[in-house]
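Structural overview for review
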Amino acid sequence: MKARNAFLVLLTAGVVGCAVWLIFFSPVLGVRSIDIVGNVTVPAERIEQQAGVPELHPLATVDLAGVEARVMQIRQLASAKVDRVWPGTLKIEVVEREPVAAITAGGKAALIDKGGVVIEIQDMVPPGLPTLKVDRPAAGDPTTMAALRVIQSLPGDLAAKVRGVRASSPEGVSLELSDGRSVVWGGADRGADKARILRILLRRKAEVYDVSSPDVVTLK
């Protein structure tokens, strides 16, 4: 009886040991493919290379947080989430940053997202992207962030008319329209009211439209 029990213990230990070896050390359940989803402009090959996971590395021992951190070094990405998909796939789901404005300097255009993060540098401002002009453009700068919030709050029909945004302070945002007219917008508050009123005012001929206080608007 004791011999039988000892045999069962040894057998169980052997099975467990084999399973541990297969899962944690063997290439049998290693990474055979990397599935990348959510990327539009960033090539999958670049993300895979940045992930730095060797082929057939045991899937169970992949440092998911480490992979996410390495992938997030690609500045065009806003987020990255890494998961294991058994038996041999590593899934990397990313969200790309979207440019909302451009800052020009030195003959180049820096494309920035809603958080003021520089996504990439191009030779010129892409069509349809407004130019942002502030004294000290930076992520976290109150004036920069207020201007970006204004840009994001603009409905599509008005956004299409804007070629530039100036901001001297968080409450001093103004819009430069493509036809040469300008709009004193003020702060980022009451965006829907300002947009609604501006649509009506633009039907009237003027050079400057002040909607900074939607309750009392002026034209010049």
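In what follows, the structure referred to is the one given above.
First, a word on what this report is: a plain description of the structure on this page. Everything quoted here is computed from the prediction, not taken from an experiment.

**A closer look at the overall build of the protein**
- If you tally the helices and strands in the protein, you get six helices and 12 strands.
- Residues counted as buried form 35% of the 220 residues belonging to the protein.
- Long-range contacts, defined here as pairs at least 24 residues apart, represent 44% of the contacts in the protein between residues at least 6 apart.
- When the accessible surface of the protein is split by element, carbon and sulfur atoms take 58% of a total near 12,700 Å².

**Topic: helix 3 (residues 64-71)**
- Those residues of helix 3 that fall on the buried side of the exposure criterion are Gly66, Val67 and Val71. What you see down the axis of helix 3 is that its buried residues fit within an arc of 130°, all on one side.
- The inward-facing, buried residues of helix 3 abut helix 2 (44-51), strand 2 (77-85) and strand 3 (89-96).

**Regarding the layout of surface pockets**
- Each pocket or cavity is described by its volume, and for the largest pocket that value is around 160 Å³.
- Residue lining of the largest pocket: 13 residues in total, with Thr41, Gln76, Glu96, Ile119 and Glu120 positioned closest to the centre.

**Points about the nonpolar core**
- The biggest cluster of nonpolar side chains holds 29 residues, and the ones touching the most others in it are Leu132, Leu148, Val165, Leu175, Val183 and Trp185.
- Those elements that place two or more of their residues in this core are strand 4 (101-105), strand 7 (131-134), helix 4 (142-153), strand 8 (162-167), strand 9 (173-177), strand 10 (182-186) and helix 6 (191-201).
- The residues contacting Leu148, other than those within four sequence positions of it, are Val100, Ala101, Ile112, Asp113, Lys114, Gly115, Gly116 and Leu132.
- Among the nonpolar cores identified, the runner-up in size contains 18 residues, and Val31, Val42, Val53 and Val62 belong to it.

**A word on the environment of Met124**
- Along the polypeptide, Met124 turns up in the loop between strand 6 (118-122) and strand 7.
- Judged by relative accessible area, which is 61%, Met124 ranks as exposed.
- Residues Met124 and Thr104, 20 residues apart in the sequence, show an inter-C-alpha distance of 8.1 Å.

**Quick look at helix 4**
- Helix length check: helix 4 (12 residues) gives 16 Å between terminal C-alpha atoms against 16 Å at 1.5 Å per residue, within 8%.
- Turning to helix 4, its buried residues number three or more, namely Thr143, Thr144, Met145, Ala146, Ala147, Leu148, Val150 and Ile151.
- Tucked into the core, helix 4 has its buried residues touching strand 4, strand 5 (108-112), strand 7, strand 8, strand 9 and strand 10.

**Considerations on the sheet that holds strand 1 (residues 33-37)**
- If you trace the three strands from one edge of the open sheet to the other, you get 1-3-2, paired in mixed fashion. Edge positions in the sheet fall to strand 1 and strand 2, since each of these pairs with one other strand and no more. Along the sheet, successive strands turn relative to each other by an average axial angle of 20°, direction set aside.
- Of the strands in this sheet, strand 1 and strand 3 touch helix 2, which is tilted by about 125° from strand 1.

**Re unusual backbone geometry**
- Omega for the bond connecting Trp86 with Pro87 falls within 30 degrees of zero, at 15°, which places this linkage in the cis form.
- Summarising the element assignment, Pro87 is placed in the loop between strand 2 and strand 3.
- Phi is positive for Leu56, close to 70°, though the residue is something other than glycine.
- With respect to the element layout, Leu56 can be found in the loop between helix 2 and helix 3.
- Relative accessible area serves as the criterion here: at 33%, Leu56 is assigned to the partly exposed category.
- Of note in this structure, Arg190 is not a glycine but carries a positive phi near 55°.
- Mapped onto the elements, Arg190 comes out in the loop between strand 10 and helix 6.

Reading guide: rules and limits
Residues numbered from 1 in each chain as written. Predicted model: local features only at pLDDT ≥ 70, side-chain atom pairs only at ≥ 80, totals over all residues. Heavy atoms only, no water. Helix = DSSP H or I, 4+ residues; strand = E, 2+ residues; numbered from the N terminus. Buried < 20%, exposed > 50% of the residue type's maximum accessible area, 1.4 Å probe, protein only. Contact = heavy atoms within 4.5 Å. Areas by Shrake-Rupley, 256 points an atom, 1.4 Å probe, with all protein chains shown as cover. Arc of directions from axis to C-beta. 1 Å grid on protein atoms, 1.4 Å probe; cavity = no way out; pocket = protein on both sides within 12 Å on 5 of 7 lines; lining within 4 Å. Points joined across faces, edges and corners; volume = space filled by probe spheres on them. Core = buried A, V, L, I, M, F, W, Y, C linked by side-chain atoms within 4.5 Å. Expected span 1.5 Å × (residues − 1). Pairing = 2+ DSSP bridges. Axes fitted to C-alpha atoms, helices over the stretch in contact; angles between N-to-C directions.

Nothing here speaks to function; it is all geometry.
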